[in-house]
Amino acid sequence: MSDPFRQRPSPESLTQLLAGTAGESLGITITELGPDFLRGTMPVDGRTKQPFGLLHGGSSVLLAETLASLAGYLCLDAEAGQQAAGIEINANHLRAVTEGVVTGTARPIHLGRATQVWEIRIEDAKGRLACISRMTAAVVGR
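Described below are features of the structure shown in this document. Remember, predicted model here, so these are calculated numbers, not experimental data.

### Side note on the overall build of the chain
- Summing up its helical and strand segments, the chain has 3 helices and 6 strands in all.
- Listed by position from the N terminus, the elements making up the chain come as α-α-β-β-α-β-β-β-β.
- What you see for the chain is a C-alpha radius of gyration of 14 Å, in line with the 14 Å of a compact globule of 142 residues.
- Taking the principal axes of the C-alpha coordinates as reference, the chain spans close to 45 × 25 × 25 Å.
- Counting every position in the chain, which comprises 142 residues, the buried fraction comes to 41%.

Here's what the structure looks like:
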């Protein structure tokens, strides 16, 4: 897919949008806005682990939805008041992660007038796939 983004803010400014949100609480940082993807990281620590020391599946889903929602917004006309709101998300947790940082990469599968579909791959520090997620977003006005 060619460049889907209508807006190209810096990763730092996107991370600043997370201030006061669940994304900030879990330590999510936006690291890269590529030609057809948005990438971010999340630490695997006490904020993101489940009681048995593994990365919590809900934390992975929160990273996935954060990335897809931000990426979806960047594909829309901000001046027209459009935004992307998640309406469905699923995730398959494929590999346990116990430490370090995970990296999520969101790429569009479908960008329509009313809906968007995003694939989010979450990898461990060695580049191994830990979680694959898909999110559908509704395109709505404010």
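Moving on from the coordinates now.
### As for the pattern of salt bridges
- This structure, assessed with the given rule, holds 5 salt bridges.
- Between Glu32 and Arg39 there is a salt bridge whose closest N-O contact spans 2.9 Å.
- We classify Glu32 as partly exposed; its relative accessible area is 32%.
- Across the pair Asp36 and Arg107 runs a salt bridge whose closest N-O atoms are separated by 3.7 Å. With Asp36 in the loop between strand S1 (29–33) and strand S2 (38–43) and Arg107 in strand S4 (residues 101–111), this pair connects stretches of sequence that are 71 residues apart.

### Quick word on the pairing of strand S6 (residues 129–141)
- As paired elements, strand S3 (residues 82–93) and S6 share 11 bridges and run antiparallel to each other. Bridging from a neighbouring strand, Ala91 pairs with Ser133 of S6.
- Both strand S5 (residues 115–123) and S6 contribute to a ladder of 9 bridges, which runs antiparallel. Counterpart to Glu123 in the pairing with S6 is Leu129.
- Between S5 and S6, which pair antiparallel one after the other, the connecting turn spans 5 residues, and Gly127 there sits at a positive phi close to 80 degrees.

About the criteria used
- Residues numbered from 1 in each chain as written.
- Predicted model: local features only at pLDDT ≥ 70, side-chain atom pairs only at ≥ 80, totals over all residues.
- Heavy atoms only, no water.
- Helix = DSSP H or I, 4+ residues; strand = E, 2+ residues; numbered from the N terminus.
- Rg over C-alpha atoms; globule rule 2.2 N^0.38 Å.
- Buried < 20%, exposed > 50% of the residue type's maximum accessible area, 1.4 Å probe, protein only.
- Salt bridge = Lys/Arg side-chain N within 4 Å of Asp/Glu carboxyl O.
- Pairing = 2+ DSSP bridges.

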